[in-house]
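# Analysis of the macromolecular model
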Amino acid sequence: MNNKSSVRVGIVGVGNIGSAHASAIAEGKIPSLTLTALCDNDEKRADELRRSYPSIPVFENAEKLFASGKVDAVVIATPHYAHPPLAIRAFSYGLHVLTEKPAGVYCGAVREMVDAAKQSGKLFAIMFNQRTNKLFQAAKDLMESGALGEMKRNVWIITNWYRKQAYYDSGAWRASWRGEGGGVLMNQAPHNLDLWQWICGMPCEIYADCGVGRFHEIEVEDEATIFARYPNGATGTFITSTGDYPGTNRLEITGTLGKLVIENKALTFYRLPISERNYCLTAEGTPKLQPEAVVIEDESYQGHHRVLEQFGRAILYGEPLVATGEEGLRELTICNAAYLSAWQNRTVSLPLDDGEYLSELQKKIDGGKAIGKARSTDQSSTEYHPRWNTNW
Ligand SMILES: NC(=O)c1ccc[n+]([C@@H]2O[C@H](COP(=O)([O-])OP(=O)(O)OC[C@H]3O[C@@H](n4cnc5c(N)ncnc54)[C@H](O)[C@@H]3O)[C@@H](O)[C@H]2O)c1
């Protein structure tokens, strides 16, 4: 560490989001972190970084950065497949790791990543920036405190991840089984899949339908509908798409003590004075339940900065992370189970069979396209992009 109140951090993979993290840290917006190294394995990009950050060493491969002695922690912001192998190498050098989402593409690799973190004793964090949104935190509190009673059902329609064809064409790795390992469930919806399990818990069964290349020229899905069953018999439905405009972001959870709805930057809790179950079984006449609406308004926030700052503070002062890397495994389990279900048209019980998933994924990779060149530079801006925020 260079001083007691700041951790020396390096960034591996400095494209769209890595650039946003780099500039936030370099501009002093993340007091707990100091940017001391950068790495991108694209030569042209590395040269651009040398020009933009003349005082910061830029390495052409991650191994050199890890071995440089210039960092105590790294942020990994490469395409997803590389997250586990890079994190495992970083842990072997005794570095703390914050990985971008998703933790990886298949659970087997992420399990190895989690084991490597445990063996190293270093911190392992993941960029689930939407967890810092106070509406989702409030929903989690209502569920955990028992205020909503026992969950009966949830429905999340999160279709405002709109992407144009140029987005998919902007990176050769995007939207192929070989380069990315999935579509909207692997790239955009991990934030929501994580919040879904964080707030509602892990389902025990998954059934899914994926619309492959329905709205774009891509070989992976650009829409998906997941049906989940929970251990208590509750059900959940999760609908996402990158092809709807305008889209919707609406989460509704019904419990025995009421209902909560998050939509349009507000959480409304319809609180029942008694359990609907008691009313149903004991009351006479017409229901006279008077739900009380409690509205919590969202406020503007910068989730990525909070995750970065908290990563530094966890290293410095032992404060909690926004999300541990291990939690990336739960999100990816739902994602992988949804793919397996859609490919085999069957209900998948959890826990998932990692080996079966990997061999099915391999078939998709073998039958898919080779990684060529990016067809567009439409998304090449390194500015912070509002599409990374929670949209309503
Ligand atoms: N949390 C969020 O809101 C958010 C937003 C955007 C992207 N992401 C995630 O960040 C990751 C990167 O996405 P992006 O849009 O920035 O991609 P990108 O293609 O713009 O950038 C990736 C960069 O990594 C470099 N790279 C690839 N492999 C490397 C390696 N082995 N070593 C060093 N550099 C390497 C590439 O040259 C490129 O510059 C993805 O996993 C994505 O899901 C998260």
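Residues numbered from 1 in each chain as written. Predicted model: local features only at pLDDT ≥ 70, side-chain atom pairs only at ≥ 80, totals over all residues.

### Notes on unusual backbone geometry
That bond from lysine 101 to proline 102 is cis: its omega, -10°, falls within 30 degrees of zero. For proline 102, the location among the structural elements is in the loop between β5 (96-99) and α5 (107-120). Cis peptide bonds are those with omega within 30 degrees of zero, and the linkage from tyrosine 245 to proline 246 qualifies with 0°. A positive phi is found at alanine 175, a non-glycine position, where the angle reads about 55°. In this structure, alanine 175 sits in the loop between α7 (165-169) and α8 (184-187). On the basis of neighbour counts, which here come to 27 C-beta atoms within 10 Å, the residue alanine 175 falls in the buried class. (Helix = DSSP H or I, 4+ residues; strand = E, 2+ residues; numbered from the N terminus. Buried ≥ 20, exposed ≤ 12 C-beta atoms within 10 Å, placed from the backbone.)

### Focus: the sheet that holds strand β3 (residues 58-59)
Strand order in this open sheet of six strands is β3-β2-β1-β4-β5-β6, and the pairing throughout is parallel. Unpaired on one side and paired on the other, β3 and β6 (124-126) mark the two borders of the sheet. Here strand β1 (residues 7-12) pairs with strand β4 (residues 73-76) via four bridges, running parallel. Residue pairing across strands places valine 9 opposite alanine 73, the latter belonging to β4. (Pairing = 2+ DSSP bridges.)

### Section: helix α12 (residues 326-344)
Spanning 19 residues, α12 covers 27 Å between terminal C-alpha atoms, matching the ideal 27 Å at 1.5 Å per step. Burial analysis of α12 places 14 of its 19 residues in the buried class, which makes it a mostly covered element. Looking at the residues trailing α12, positive phi occurs at asparagine 345, about 45°. (Expected span 1.5 Å × (residues − 1).)

### Here we look at the nonpolar core
Val9, Val12, Val74, Val97, Ala139 and Ala338 are the most contacted members of the largest nonpolar core, which totals 107 residues. Counting residues domain by domain, this core receives three or more from each of domain 1 (7-130 + 303-322) and domain 2 (133-298 + 330-378). (Core = buried A, V, L, I, M, F, W, Y, C linked by C-beta atoms within 7 Å. Domains from an automatic or database assignment.)

### Things to note about the site of the ligand
Within the structure, the ligand sits among 25 residues, and Gly13, Gly15, Asn16, Asp42 and Glu100 are positioned closest to it. Considering each element in turn, the shell around the ligand owes the most residues, three residues, to helix α1 (residues 16-26). For the shell around the ligand, the residue count by class is 10 nonpolar, 10 polar and five charged. (Near = placed C-beta within 6 Å. Nonpolar A, V, L, I, M, F, W, Y, C, P; charged D, E, K, R; others polar.)

Note that all results are geometric; they support no functional claim without further evidence.
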